[in-house]
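Survey of secondary and tertiary structure
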Amino acid sequence: NAGVTQTPKFQVLKTGQSMTLQCAQDMNHEYMSWYRQDPGMGLRLIHYSVGAGITDQGEVPNGYNVSRSTTEDFPLRLLSAAPSQTSVYFCASTLGTAYGYTFGSGTRLTVV
Amino acid sequence: AQSVAQPEDQVNVAEGNPLTVKCTYSVSGNPYLFWYVQYPNRGLQFLLKYITGDNLVKGSYGFEAEFNKSQTSFHLKKPSALVSDSALYFCAVRPGYSSASKIIFGSGTRLSIRP
């Protein structure tokens, strides 16, 4: 099994550009989440989903959109990139409340 | 506000000595607690979890963690540290009645094991 696959691994954007970070899992997990990791701040939840067609906001949702049209895919869209969105982004999925997350390998995004 | 605290940014231990990485939490309901490890330029890997039952839980790579409800703590421990244990460790909690997708992470503790 591939687990959780994130693409791209690295990306440089100019301020104001938009882009989509891709996340796909092949474990049939209903629950998926997007986090950003910043030094000294741990991981902060951006958006999450409890199943296809259902998404909700996390702690830091501003500037990001998500959709969940299938169980497998959970893309994260940056609407108009800002330097404050420079970060490492992780997608994660889980089978349910009593299980740990499986994480993707991350996308390192730099906004200049 | 619901939160997880890892009071030490860095823990330094000599190889062969016991190690402890501290975690305390403040959440509603009965929490589910987790520890994850992150090696350089990698995603996080699940180490262990506490859901219910025995307060001492065992996980991967010889790690264990002790749940203390009265102190709202979930410290990570290992009896004998290895140099290969050097990594960034995150404590995480799912508040009671919260979604499986809505887990709160601490700020992380960098563990450094010297030979």
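Please refer to the structure higher up on the page.
In this numbering scheme, every chain counts its residues from 1 along its sequence in written order. The order in which chains are written sets their letters, starting at A; the order in which ligands are written sets their numbers, starting at 1. Residue-level local features of this predicted model are given only where pLDDT is at least 70; pairs of side-chain atoms are given and counted only at 80 or more, and the full residue set underlies all totals for whole chains, interfaces and linings. Only heavy atoms go into the side-chain values, all of them from the structure, while hydrogens and water stay out.

1. Side note on the interface of chain B and chain A
Spelled out, the test is: Should any heavy atoms of two residues lie within 4.5 Å, those residues are considered in contact. For any pair of parts, buried area is found by adding up, for both, the accessible area (1.4 Å probe) each one loses once the two are put together. For this analysis, a salt bridge means a side-chain nitrogen from Lys or Arg found within 4 Å of a carboxyl oxygen belonging to Asp or Glu. In protein, a polar contact means a hydrogen-donor-capable atom and an acceptor-capable atom, both N or O and within 3.5 Å, with residues adjacent in sequence counting only if both atoms are side-chain atoms; elsewhere, any N or O pair within 3.5 Å suffices. Only DSSP runs of H or I covering at least 4 residues are called helices, and only runs of E covering at least 2 are called strands; the numbering of each starts at the N terminus.
Between chain B and chain A, the contact holds 23 residues from the first and 25 residues from the second. Summed over both sides, the interface of chain B with chain A buries roughly 1,700 Å², with 59% coming from carbon and sulfur. Of all residues in chain B, A100, S101 and F105 of chain B bury the most surface against chain A, accounting for 31% of the area lost on that side. Put simply, chain B and chain A have zero salt bridges between them. At the boundary of chain B with chain A, the tally comes to four residue pairs in polar contact (both at pLDDT 80 or more). Take the side of chain B that touches chain A: its biggest share by element is four residues, from strand β5 (residues 32-38) of chain B.

2. Some points on unusual backbone geometry
The condition is simple: Relative accessible area decides the class of each residue, using a 1.4 Å probe on protein chains only: under 20% of the type maximum gives buried, over 50% gives exposed, and in between gives partly exposed.
A cis amide bond links T7 of chain A to the next residue, P8 of chain A, at an omega of -5°. Structurally, the position occupied by P8 of chain A is in the loop between β1 (4-7) and β2 (10-13). In this structure, N28 of chain A takes a positive phi of about 60° despite not being glycine. Within the secondary structure, N28 of chain A is located in the loop between β3 (19-25) and β4 (31-38). Of the residues examined, N28 of chain A reaches a relative accessible area of 53% and is grouped as exposed. Although it is not a glycine, Y61 of chain B sits at a positive phi angle of roughly 60°.

3. Looking at the packing of aromatic side chains
To be explicit about the condition: Ring geometry is summarised as follows: Phe, Tyr and Trp rings, the Trp one being its six-membered ring, pair when their centres sit within 6.5 Å, and such pairs are stacked at plane angles under 30 degrees, edge-to-face over 60 and tilted between the two. Think of it as a cone above the ring: NZ of Lys or CZ of Arg counts as a charge over the ring if it is within 6 Å of the ring centre and within 35 degrees of the ring normal.
Following the criterion strictly, the structure yields 16 aromatic pairs over all chains and no others. Pairing F103 of chain A with Y36 of chain B gives two aromatic rings, centres 5.6 Å apart and planes at 85°, and the pair type is edge-to-face. Remark: Y36 of chain B occurs in strand β5 and F103 of chain A occurs in strand β10 (residues 102-103); the pair is interchain, linking two chains. Across this residue pair, the class does not change: F103 of chain A and Y36 of chain B are buried. Grouping aromatic residues by their ring pairs yields a cluster made of Y35, F90, Y101 and F103 of chain A together with F34, Y36, F46 and F105 of chain B. For K78 of chain B, the ring lying beneath its charged end belongs to F63 of chain B, and the centroid distance is 5.0 Å. Above the plane of the ring of Y32 of chain B lies R94 of chain B, whose end atom (NZ or CZ) is 4.2 Å from the centre.

None of the figures reported here should be taken as evidence of function without further support.
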